[in-house]
Amino acid sequence: MAKIIHESAGKMTQLCRRIVHVKIKWSVLGRVSVFRQFFRFIWDRILACSVGRPSRYRRLSRRNSCPSVEAVELGLEPHELAFSGYGSDSDSDLVALKISILGDCQIGKTSFVIKYVGDEQEKRGLETQGLNLMDKTFCVQGARIAFRIWDVGGDPKSLDQVPIACKDAVAILFMFDLTSRCTLNSVLGWYNQARKWNQTAMPILIGTKFDDFVQLPPDLQWTIITEARAYARAMKATLFFSSATHNINVNKIFKFIMAKLFNLPWTVQRNLTLGEPIIDF
């Protein structure tokens, strides 16, 4: 009987030791898990601070739409590019891309934007002192994209709007009047102001009023073309001549921006022919 009791006591002791061992093991694992979660939290915060606030994108279901000129010219399938009106859907799934426009007064900046976004979108835009805001919304490969266009007035008072207009922009359009060389000379001043607030935005130099420009003497046209190309090289910008009145290169400029941003299979052709709208890069 004593032997049986002794064996039972030995087994109970071993069982207790195993239970204690298991409890210690789970306790250690629990603490390791807590520390792991803590360090992962800290690491995520470090990454968030170092690369900026992360953006969350949601891939949308493809919508049935008719083939568009934009889809054909960009080499996309008809369902991959469809334009929609501003505010037609919830903005929760919208990726907004900011585009800024800078240049002197009376050179056709606002007419250029209205030609692109349309009269209805212009009515829904927002106008503040020295700043016009308009949107163009479309779908690219299942994602809703909005070009949010910030058109800065060209008067001296509007310089205060340059920081907010240029910050976080993906592209900055520097405009001048092809019939007014002083507006071309002002471009570098606008460029230097913009680069104080945005070092990475895609620069594009745009000469407006091409329909009036072609009425100038050919030697004067060539002089302006030469100067504009020199400015574009100094700015490392693509050069476009345009006309809002006749819709020359207006849509093409924004297609160029979209193709560059999304690496789409569409490119523009260089054109340096006198009497035709110049495209140089």
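Looking at an unreviewed UniProt entry, one finds the protein chain named Septum-promoting GTP-binding protein 1, with Rhododendron simsii as its source organism.

**Student:** When you look at the pairing of strand S7 (residues 202–208) in this model, what are you seeing that I'm missing?
**Tutor:** Judged by how many residues are buried, S7 sits mostly within the fold: seven of seven residues are covered. What you see with S7 is no split at all: Met-202, Ile-204, Ile-206 and Thr-208 on one side and Pro-203, Leu-205 and Gly-207 on the other are buried throughout. For strand S6 (residues 171–177) and S7, the ladder comprises seven bridges, and the chain directions are parallel. Bridge pairing in S7 links Phe-176 to Gly-207.

**Student:** Quick question: what am I supposed to make of the pattern of salt bridges here?
**Tutor:** Two side chains bearing opposite charge may form a pair once their charged atoms approach each other closely. Here the structure, examined in full by the defined rule, presents five salt bridges. Where Lys-209 meets Asp-177, a salt bridge forms, and the shortest distance between an N and an O atom there is 3.3 Å. Residue Lys-209 is found in the loop between S7 and helix H8 (210–213), and its partner Asp-177 is found in strand S6; the two are separated by 32 residues along the sequence. Salt bridges sharing partners connect three or more residues here, namely Arg-229, Arg-270 and Asp-280.

**Student:** Hey, could you run me through the environment of Leu-220 in this one?
**Tutor:** Summarising the element assignment, Leu-220 is placed in helix H9 (residues 218–235). A relative accessible area of 30% places Leu-220 in the partly exposed class. C-alpha of Leu-220 to C-alpha of Thr-179: the two residues are 41 residues apart in sequence and 9.6 Å apart in space.

**Student:** Explain helix H3 (residues 109–117) here, please?
**Tutor:** Given 3.6 residues per turn, any residue in an α-helix points the same way as the ones three and four places further on. Three or more residues of H3 are buried, namely Lys-109, Phe-112, Val-113, Tyr-116 and Val-117. Projection of H3 onto a plane perpendicular to its axis shows the buried side chains occupying an angular sector of 120°, all on one side.

**Student:** Could you clarify how one ought to interpret the environment of Ile-164 in this entry?
**Tutor:** Secondary-structure assignment places Ile-164 in helix H5 (residues 162–166). Overall, Ile-164 belongs to the partly exposed group, its relative accessible area being 46%.

**Student:** So what exactly am I meant to see when it comes to the pairing of strand S8 (residues 238–241) here?
**Tutor:** A regular strand places its side chains so that they alternate between the two faces of the sheet. The two faces of S8 match: Thr-238 and Phe-240 on one face and Leu-239 and Phe-241 on the other face are all buried. Pairing between S7 and S8: four bridges, direction parallel. Note that in S8 the partner of Ile-206 across the bridge is Phe-240.

**Student:** Before we go on, may I ask you to explain the packing of H3 against helix H10 (residues 250–262) in this structure?
**Tutor:** Working note: a packed helix pair is described by the angle between its axes plus the distance between those axes. Two numbers describe how H3 lies on H10: the axes approach to 9 Å, and their chain directions differ by 75°. Our classification of the angle between H3 and H10 gives roughly perpendicular. On H10, the residues touching Phe-112, Lys-115 and Tyr-116 of H3 are Val-250, Asn-251, Ile-253 and Phe-254. Looking at the contact of H3 with H10, its residues break down into five nonpolar, one polar and one charged.

**Student:** I would appreciate a short explanation of the nonpolar core in the present structure.
**Tutor:** If you look at soluble globular proteins, the nonpolar side chains tend to sit buried side by side. With 33 residues, the main nonpolar core has Phe-112, Phe-147, Leu-173, Phe-254 and Ile-257 as its most contacted residues. Elements with a contribution of two residues or more to this core: strand S2 (94–102), H3, strand S4 (131–140), strand S5 (143–152), S6, S7 and H10. Looking at which element gives the most residues to this core, the answer is H10, with seven residues. The contacts of Ile-257, once residues within four sequence positions are left out, are Ile-99, Phe-147, Ala-171, Leu-173, Met-202 and Ile-204. Judged by nonpolar contacts, the second largest core, of 32 residues, contains Leu-133, Leu-178, Met-235 and Ile-278.

**Student:** Looking at this structure, I do not really get the packing of aromatic side chains. What am I missing?
**Tutor:** What describes a pair of aromatic rings is the distance from one ring centre to the other and the angle between the planes of the rings. The tally for this structure, following the rule as stated, stands at seven aromatic pairs. Arranged with centres 5.5 Å apart and planes meeting at 55°, the rings of Phe-174 and Tyr-191 form a pair that is tilted. Taken together, the residues span a long stretch of sequence, with Phe-174 in strand S6 and Tyr-191 in helix H7 (residues 187–195) at a distance of 17 residues. Tyr-191 carries the same exposure label as Phe-174, and that label is buried. An angle of 35° between the planes, with centres 6.1 Å apart, marks the rings of Phe-210 and Phe-213 as tilted. You can see Phe-210 and its partner Phe-213 sitting in helix H8, three residues apart, about one turn around the helix. By relative accessible area, which is 1% here, Phe-213 ends up buried. One aromatic cluster in this structure is built from Phe-112, Tyr-116, Phe-147 and Phe-254. Cation over ring: Lys-98 sits above Trp-150, and NZ or CZ is 4.0 Å from the ring centre.

Rules used throughout
- Residues numbered from 1 in each chain as written.
- Predicted model: local features only at pLDDT ≥ 70, side-chain atom pairs only at ≥ 80, totals over all residues.
- Heavy atoms only, no water.
- Buried < 20%, exposed > 50% of the residue type's maximum accessible area, 1.4 Å probe, protein only.
- Helix = DSSP H or I, 4+ residues; strand = E, 2+ residues; numbered from the N terminus.
- Pairing = 2+ DSSP bridges.
- Salt bridge = Lys/Arg side-chain N within 4 Å of Asp/Glu carboxyl O.
- Arc of directions from axis to C-beta.
- Axes fitted to C-alpha atoms, helices over the stretch in contact; angles between N-to-C directions.
- Parallel < 35°, antiparallel > 145°, perpendicular 65-115°, else oblique.
- Contact = heavy atoms within 4.5 Å.
- Nonpolar A, V, L, I, M, F, W, Y, C, P; charged D, E, K, R; others polar.
- Core = buried A, V, L, I, M, F, W, Y, C linked by side-chain atoms within 4.5 Å.
- Phe/Tyr/Trp six-rings, centres within 6.5 Å; stacked < 30°, edge-to-face > 60°.
- Lys NZ or Arg CZ within 6 Å of the ring centre and 35° of its normal.

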